[in-house]
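# Architecture at a glance
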Amino acid sequence: MDATSIKTMIDETVSGEVFAIWFLAGAALVFWMQAGFAMVEAGFTRAKNTGNIIMKNLMDFCIGTVVFIAIGFSLLMGEDLFGFIGKPGFDLFTSYENFDFSSFVFNLVFCATTATIVSGAMAERTKFLSYCIYSAIISALIYPIEAHWIWGGGWLAGLGFHDFAGSCAIHMVGGISALIGAKILGPRIGKFKKDENGKVVKVNAFPGHNITIGALGVFILWVGWYGFNGAAATSKEQLASIFLTTTIAPSIATVVTMIFTWIRYKKPDVSMCLNASLAGLVGITAGCDVTDAFGAIAIGVVSGLLVVFGVWFLDYVLHIDDPVGAVAVHCLNGIWGTLAVGLFATSSAPGYAIANASGETIEGLFYGGGFELLGLQSLGFVTVAGWTAVTITIAFFIIKAIVGLRVSREEEITGLDATEHGLPSAYAGFAMLPDYVEEDGAPIVTGDASVDEAIKVAVAEGSKPVAVTGDVPEAEAVPVKKMPVFSDDGHKYTKIEIICKEARFEALKNAMMELGITGMTVSHVLGCGVQKGKPEFYRGVQIEANLLPKIQVDIVVSKVPVRSVIDTAKKVLYTGHIGDGKIFVYDVENVVKVRTGEEGFDALQDVE
């Protein structure tokens, strides 16, 4: 053996070892994506369900591991039986010394991803027990069998169907399961308002409680996707090409969505752009190894438009409530990514190996390959989609009949953290505002007739009510005459409450001190309001009201003229823009200084 042959053998050995290690490192990156899914789902939903969502994403992997050991792995990677399933077995226990450890770990983390996708579309109203059951079914049966057709030596692989990293086998399957589950489960309370005939007349927006966490989840997923798509690469050239296409497609998709929402809704939609990044990643997943830069750009453009259309279509046409956009991201773009291989696959990509049943290399339609590959991709999409739709529908209806799918109305309103897990809040130490919800547009029923009547009136007027009740009938009530309030010492005390922007507080404080007011109470509050003629949108749905951080300043005066305080505050706070603030003036009966016991005028002498 000459020196050249020895060097070649050494290079091949080293390369094989390096990529074997990278294979497992890629599996670890895919596992890390569970954190990304958890953050996206938690951030895009309401705070009262955060603990439940974290628990579900944790149990996806843990329950998935249990059932994958028991049956899932052998159905996926076992000896092929009739091109349909792998032969069930327990080689993990009976032949551990010869077991393919890497293959098990790699396929396990992909399996867990499929179940996680379903969680987002069914969030905020699903029983935790039911979730655990259908997650186990997906990991044990639904995913392993169809994945065997594609990756385990099954009939689709034999025909030449190509899905390198799972646009079809993982994302489309998870997305279809999410679509069917959300449909059977029904929308969250208050998502859709219906008329007396049951027709949906309005779609309500439920903004996510923490877009920062949602964005963190997207970045985690994007990093993990380099392992998701690249772990199975077998050469540095192929790996580099996969990294390139995995970067281009989501970037293009996000820019397209930003421009589209900017034009359509007058402002670029943050949450939709985050979804678009994931949509581009899903779209490129099937063909990340066989497309070039042009193909990745084209896939990204369509993904960016498709995710916006999908969110709108579910809300306004199908009336299916998907809190995080899982169907638009994973189902629609999983289908698109699967079919895109038949359009953009090119033999110029490093390591290209798509061949039909006869062993002939075939390429995408736009690269001179004709319709053969597109036909194979379409066949794979239809059969896998059919298998998934039938099996998951049966699973959901069985679960619904035995243990039920949906929590009670009271549990949903309270929040699943408290009712399903005994967790008062996932944010200990933070006060979360309660949700004002409606049952298909109808006012909440509290059981108190007077309060319920106030709520009905407020809903009819389009406002959120504050019900005030008393014991005296309205007909017997005494008209109130506004009179100035004076204390026993003859002085008049007035409380001035100023609501302003946080950025203007320092200027307001300094101006008040120049007036001689040195004491004030300052609070951070949330203000709610919508300016007429200036609608805001969240994921394409008009928002009824925004809660914005404000500063509330309370001042009590006697010596300082009230009009001077008002005029000074108006001058300091005025910008001419929406949200400058409001000033409220109240009469005060008395003032007591706790430390000294002084009352009235004397109690104010050190603050004005």
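Here we take up the overall build of the protein. Along its length, the protein carries 18 helices and 10 strands. Within the protein, the fraction of its 608 residues that count as buried is 49%. Partitioning the contacts of the protein with sequence separation of at least 6, the portion at a separation of at least 24 is 75%. As displayed, the protein has an accessible area near 28,400 Å², and 64% of this comes from carbon and sulfur atoms.

Moving on to the pairing of strand β4 (residues 200-203). The pairing of strand β3 (residues 192-194) with β4 spans three bridges and is classified as antiparallel. Bridging across to β4, K193 finds its partner in K202.

What follows concerns the pattern of salt bridges. As enumerated under the stated definition, the model contains 11 salt bridges in all. Salt-bridge contacts for E124 lead to R46; the nearest nitrogen and oxygen are separated by 3.1 Å. Of this pair, E124 sits in the loop between α4 (101-121) and α5 (128-151) while R46 sits in the loop between α1 (3-43) and α2 (50-77), and the two are 78 residues apart along the sequence. For E124, a relative accessible area of 1% translates into the label buried. A salt bridge links K509 to E506, with the shortest nitrogen-to-oxygen separation between them at 3.3 Å. Of this pair, K509 and E506 both sit in helix α17 (residues 505-515), separated by three residues, roughly a single helical turn. Residue class for E506 comes out partly exposed when judged on its relative accessible area of 43%. Several salt bridges share partner residues, and in doing so they unite R46, E124, R188 and D321 into one network.

On the surface, V255, M258, I259, W262 and I263 cluster together into a nonpolar patch covering about 490 Å² of accessible area. For M258, the location among the structural elements is in helix α9 (residues 236-265).

It is the contact of α9 with helix α11 (residues 293-318), at a shortest axis distance of 7 Å, that shows an interaxial angle of 40°. By the angle class used here, α9 and α11 are oblique. Of the two elements, α9 crosses α11, and the hand of that crossing is right-handed. Two secondary-structure elements touch here, α9 through L244, T245, I248, A249, I252, A253, V256, T257, F260 and T261 and α11 through A293, A296, I297, G300, V301, S303, G304, L305, V307 and V308. Its residues placed into classes, the contact of α9 with α11 shows 14 nonpolar, six polar and no charged.

Okay, the packing of aromatic side chains next. Counted under the stated rule, the structure contains 28 aromatic pairs. Here the aromatic rings of F294 and F344 are separated by 6.4 Å at their centres, their planes lie at 65°, and the arrangement is edge-to-face. With a gap of 50 residues between them, F294 in helix α11 and F344 in helix α12 (residues 326-344) connect regions that are remote in the sequence. For the ring pair W312 and F313, a centre distance of 6.4 Å and an interplane angle of 45° mean the geometry is tilted. Taken together, F23, F106, F110, W151, W225 and F228 form an aromatic cluster joined through their ring pairs. Above the plane of the ring of Y131 lies K56, whose end atom (NZ or CZ) is 5.1 Å from the centre. One Lys or Arg, K495, reaches over the ring of Y586 and ends 5.6 Å from the middle of that ring.

Another point: the packing of helix α8 (residues 211-230) against α9. Viewed as axis vectors pointing N to C, α8 and α9 meet at an angle of 135°, and their least axial separation amounts to 10 Å. Taken as axis vectors, α8 and α9 run oblique relative to one another. α9 is crossed by α8, and the crossing has right-handed handedness. Along the contact surface, α8 presents W222, W225, Y226, N229 and G230, while α9 presents L239, I242, F243, T246, T247, P250 and S251. Of the residues that constitute the contact of α8 with α9, the class distribution is seven nonpolar, five polar and no charged.

Where the residue is not glycine, phi is negative for most of them; where a peptide bond is considered, it is trans in most cases. We note that F82 has phi near 65°; this positive angle belongs to a residue other than glycine. Tracing the sequence through the fold places F82 in the loop between β1 (80-81) and β2 (85-86). Not every positive phi belongs to a glycine, and E124 is a case in point at roughly 80°.

Here α11 is 26 residues long and its end C-alpha atoms lie 35 Å apart, about the 38 Å a rise of 1.5 Å per residue gives. Of all the bends in α11, the largest measures some 25° and sits at W312. Where α11 begins, one side-chain oxygen reaches toward the backbone nitrogen of F294, 3.3 Å away; that side chain belongs to D292. Where α11 terminates, the next one or two residues include H319, which has phi positive at roughly 55°.

Another aspect to go through is the side chain of S558. The topology assignment puts S558 in the loop between β9 (546-557) and α18 (562-573). Residue S558 is classed as buried on the basis of its relative accessible area of 18%. At 3.2 Å, the side chain of S558 forms a polar contact with the backbone oxygen of K492.

The next point concerns the confidence of the model for the protein. Scored by pLDDT, the protein has a mean of 87; 85% of the residues are at 70 or more. Contacts of residues 436-441 to residues separated by more than four positions or lying in other chains number 20 contacts, the stretch itself having pLDDT below 50. In the predicted structure, residues 461-472 sits below a pLDDT of 50 and forms 12 contacts with residues beyond four places in sequence or in another chain.

Position of T494 relative to the elements: it lies in strand β5 (residues 493-500). By relative accessible area, which is 3% here, T494 ends up buried.

This next bit is on the environment of I242. With respect to the helices and strands, the residue I242 is situated in helix α9. The exposure class assigned to I242 is buried, which follows from its relative accessible area of 0%.

A word on the environment of S358. In this fold, S358 is placed in the loop between α12 and α13 (372-402). Along the backbone, S358 and G158 are 200 residues apart, and their C-alpha atoms lie at a distance of 9.4 Å.

Right, let's get into the environment of G175. Secondary-structure assignment places G175 in helix α7 (residues 167-185). Judged by its relative accessible area of 0%, G175 falls in the buried class. With 55 residues separating them in the primary sequence, G175 and G120 have C-alpha atoms 9.9 Å apart. Every residue in contact with G175, bar those within four places of it in the chain, is listed here: I117, V327, H330 and C331.

Thresholds, definitions, all that
Residues numbered from 1 in each chain as written. Predicted model: local features only at pLDDT ≥ 70, side-chain atom pairs only at ≥ 80, totals over all residues. Heavy atoms only, no water. Helix = DSSP H or I, 4+ residues; strand = E, 2+ residues; numbered from the N terminus. Buried < 20%, exposed > 50% of the residue type's maximum accessible area, 1.4 Å probe, protein only. Contact = heavy atoms within 4.5 Å. Areas by Shrake-Rupley, 256 points an atom, 1.4 Å probe, with all protein chains shown as cover. Pairing = 2+ DSSP bridges. Salt bridge = Lys/Arg side-chain N within 4 Å of Asp/Glu carboxyl O. Patch = residues over 30% accessible without salt bridge, like charges linked within 9 Å, V, L, I, M, F, W, Y side chains within 5 Å. Axes fitted to C-alpha atoms, helices over the stretch in contact; angles between N-to-C directions. Parallel < 35°, antiparallel > 145°, perpendicular 65-115°, else oblique. Left-handed = near helix turned anticlockwise from the far one by under 90°. Nonpolar A, V, L, I, M, F, W, Y, C, P; charged D, E, K, R; others polar. Phe/Tyr/Trp six-rings, centres within 6.5 Å; stacked < 30°, edge-to-face > 60°. Lys NZ or Arg CZ within 6 Å of the ring centre and 35° of its normal. Expected span 1.5 Å × (residues − 1). Bend = angle between axes of the 7 residues up to and from the residue. Polar contact = N/O pair within 3.5 Å; in protein donor to acceptor, adjacent residues only side chain to side chain. pLDDT = per-residue confidence, 0-100.

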